[in-house]
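Listed here are the chains, written in short residue letters.
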Number of protein chains: 2
Amino acid sequence: MWLRVDTRSHTPMYQQIIDGVKEQIARGNLKPGDRMMPVRELATTLSLNHNTVAKAYQELEREQVIELIRGRGTFVSSQSEVIDSENRKRELRDAMKKWLVDAHHLQMSEEEIMSMFHAVVVELREGKGGDML
Amino acid sequence: MWLRVDTRSHTPMYQQIIDGVKEQIARGNLKPGDRMMPVRELATTLSLNHNTVAKAYQELEREQVIELIRGRGTFVSSQSEVIDSENRKRELRDAMKKWLVDAHHLQMSEEEIMSMFHAVVVELREGKGGDML
DNA sequence: TGATTGTACTATATTGTATAGTACAATCAG
DNA sequence: CTGATTGTACTATACAATATAGTACAATCA
């Protein structure tokens, strides 16, 4: 079906859910208005506690990626974000810097870095067959 | 002088030290053979416990970025890494994917993404005036 | 009404992070 | 050799983040 979490990973499970949902939206596998799995159902599917899933969903709502409606369910937001974009772009820029520093430490040339960058761009642009959600 | 840590940040202080040292090496402000601050001195400078700094240094040594010599001090490694590069490149690729998904969620166009990417590359290439170390 | 769904608690356990203090070992300058 | 410096290695402690478990409540809808 869809999302997988890695229990052994160092990144928290609720964070993995957040990342996975965002990725599926980015891939177009989840579209605005789509209804998502209920917290309890996703929890049992992933062998997690429903509170953990709820935490992920609530963070996604805080970021305006999804909308939580009690009694009805969870839906992908129609205008996923827009807000807060300046702050988040600054964070993005910092993340990119850190990424490049690590790449430099791997002695990657600018050409190597560029080609890896483009490869991932292409993978995301056409690869609907993701392995996450 | 050099490195700063943000106590309120969610990223661990020892991790901030690791990132900062790597960045300074990437910038060329720290060169192979350079002697680094002793753990106790850096600890008091940053108002941290010496064990926290030692942990950061030991992780940097594990990654072969620096060399720790008891009684003498800490030195930037002459051949900083090379090892383990395949695994680390895979991690890098994953990080890049996550980054691009986030960028997509900020509704950044490929052109915007590219220009941010290049801006950071240039900043790292010529910007000796970093604010970290 | 009854099932489903999100929400909100409390309690508990585990892990990562960081501090504090102490002690030891290797190195080097004097 | 002495003494200071430096990295290393413990123990103990505290705190926060993460996750589980269980329960209960509120809104929605068939």
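Summarised in this report is the structure supplied together with it. (Residues numbered from 1 in each chain as written. Chains lettered and ligands numbered in written order. Predicted model: local features only at pLDDT ≥ 70, side-chain atom pairs only at ≥ 80, totals over all residues. Heavy atoms only, no water.)

Some details on the overall build of chain A
Condition: Strands are runs of DSSP state E lasting at least two residues, helices are runs of H or I lasting at least four, and both sets are numbered from the N terminus onward. The buried label goes to any residue with under 20% of its type's maximum accessible area, the exposed label to any with over 50%, and the partly exposed label to all in between, with areas taken from a 1.4 Å probe on protein chains only. Between two residues, a contact is recorded if the distance between any of their heavy atoms is within 4.5 Å. Areas reported as accessible are Shrake-Rupley estimates using a 1.4 Å probe. Residue values count occlusion only from the protein chains shown.
Per the secondary structure count, chain A includes five helices and three strands. When the helices and strands of chain A are listed from N to C terminus, the series reads α-β-α-α-β-β-α-α. Looking at chain A as a whole, 44% of its 133 residues qualify as buried. Partitioning the contacts of chain A with sequence separation of at least 6, the portion at a separation of at least 24 is 52%. Working note: accessible area of chain A is about 7600 Å², and carbon and sulfur atoms make up 49% of it.

Digging into the packing of helix α2 (residues 39-46) of chain A against helix α3 (residues 50-62) of chain A
All names here are of chain A. Which entries qualify depends on this criterion: In this analysis, axes come from line fits to C-alpha atoms, helices being fitted only over the stretch in contact, and the angle between any two N-to-C directions falls in the range 0 to 180 degrees. Here is the rule for angles: anything less than 35 degrees is roughly parallel, anything more than 145 is roughly antiparallel, 65 through 115 is roughly perpendicular, and the remaining ranges are oblique. A clockwise turn of the near helix away from the far one marks a right-handed crossing, whereas an anticlockwise turn of less than a right angle marks a left-handed crossing.
Look at α2 against α3: their axes get within 8 Å of each other, and the N-to-C directions meet at 120 degrees. Of the possible angle classes, the one that applies to α2 and α3 is oblique. When the axes of α2 and α3 are compared, the crossing they make is right-handed. Two secondary-structure elements touch here, α2 through V39, R40, L42 and A43 and α3 through H50, V53, A54 and Y57.

Quick look at the packing of aromatic side chains
Each aromatic ring pair is characterised by the separation of its centres together with the angle its planes make. How we decide: Two aromatic rings from Phe, Tyr or Trp, using only the six-membered ring of Trp, form a pair when their centres are within 6.5 Å; if the ring planes differ by under 30 degrees the pair is stacked, by over 60 it is edge-to-face, and anything between is tilted. In this scheme, the term charge over a ring applies when either NZ of a lysine or CZ of an arginine sits within 6 Å of the ring centre and within 35 degrees of the ring normal.
Evaluated as defined, the whole model comprises one aromatic pair over all chains. Positioned over the ring face of A:Y14 is A:K55, at 4.3 Å from the centre of the ring.

A word on the nonpolar core
Counted only if it meets this: Joining through side-chain atoms within 4.5 Å is the link that ties buried Ala, Val, Leu, Ile, Met, Phe, Trp, Tyr and Cys residues into a set, and such a set is a nonpolar core.
In this structure, A:F117 and B:W99 are the most contacted members of the largest nonpolar core, which totals 31 residues. Looking at this core, the elements with two or more residues in it are α4 (85-105) and α5 (110-126) of chain A together with α4 (85-105) and α5 (110-126) of chain B. The contacts of B:W99, once residues within four sequence positions are left out, are A:L92, A:A95, A:M96, A:F117, B:I113 and B:M116. Counting residues in hydrophobic clusters, the runner-up holds 20 residues, among them A:L3, A:M36, A:M37 and A:Y57.

Digging into unusual backbone geometry
Generally, phi is negative for residues other than glycine and the peptide bonds are trans, each holding for most cases. Residues and elements named next belong to chain B. Even without being glycine, S47 reaches a positive phi, approximately 60 degrees. Among the secondary structure elements, S47 is positioned in the loop between α2 (39-46) and α3 (50-62). If you check the backbone angles, Q64 has positive phi at about 65 degrees while not being a glycine. Turning to its location among the elements, Q64 is positioned in the loop between α3 and β2 (66-69). On the accessibility criterion, Q64 (27% relative accessible area) is partly exposed.

Some thoughts on the relation of the copies chain A and chain B
Worth spelling out the cut-off: Here the copies were fitted onto each other by least squares, based on C-alpha atoms from residues at pLDDT of at least 70 in both.
For the match of chain A to chain B, the screw axis carries a shift of 0.1 Å, the RMSD comes to 0.2 Å, and the turn is 179 degrees. The relationship between the two copies is best expressed as a two-fold rotation axis. Across chain A, the rotation axis passes nearest the C-alpha of A:M96, at a separation of 4.1 Å. Comparing interface residues between copies, 100% of those in chain A also lie at the interface in chain B; the contact surface is shared.

Considering the interface of chain A and chain B
The cut-off we apply is this: Accessible surface is computed with a 1.4 Å probe, and the buried area is the amount of it that two parts give up when combined, taken over both parts together. Salt bridges are counted wherever a side-chain nitrogen of Lys or Arg sits within 4 Å of a carboxyl oxygen of Asp or Glu. Here a polar contact is recorded for every N or O atom pair within 3.5 Å, except that within protein the pair must consist of a potential hydrogen donor and a potential acceptor, and residues adjacent in sequence are included only if both atoms are side-chain atoms.
Counting residues at the interface gives 42 residues for chain A, matched by 42 residues for chain B. Among the residues chain A hides against chain B, the three largest losses belong to A:L92, A:H105 and A:L106. Together they make up 17% of the total. For the pair chain A and chain B, the interface holds four salt bridges. The closest approach of N and O atoms between B:D19 and A:K98, which form a salt bridge, is 3.8 Å. Linking chain A with chain B are four residue pairs in polar contact (both at pLDDT 80 or more), by the criterion used here.

Remarks on α5(A)
One turn of an α-helix holds 3.6 residues; hence residues three or four places apart share an orientation. Residue and element names in this part refer to chain A. Note the threshold: Residue count minus one, scaled by 1.5 Å, sets the expected span of a helix. Summarising the geometry, the arc corresponds to the directions from the helix axis toward the C-beta atoms.
For α5, with 17 residues, the first-to-last C-alpha span of 24 Å sits near the 24 Å given by 1.5 Å per residue. All of the buried residues along α5 are I113, M114, M116, F117, V120, V121 and L124. Buried residues of α5, seen end-on, are gathered within an arc of 165 degrees and therefore sit on one face of the element. Facing away from the buried side of α5 by more than 90 degrees, the exposed set consists of E111 and E126.

Structural notes on the pairing of strand β3 (residues 73-76) of chain B
Residues and elements named next belong to chain B. Applicable threshold: Pairing between two strands requires that DSSP report at least two bridges joining them.
Both faces of β3 are covered, namely the face carrying G73 and F75 and the face carrying T74 and V76. As defined by bridge partners, strand β1 (residues 35-36) adjoins β3 across two bridges and the pair is classed as antiparallel. Directly across from R35, in β3, lies its bridge partner F75. Between β2 and β3, which pair antiparallel in sequence order, lie three residues; one of them, G71, sits at a positive phi of approximately 90 degrees.

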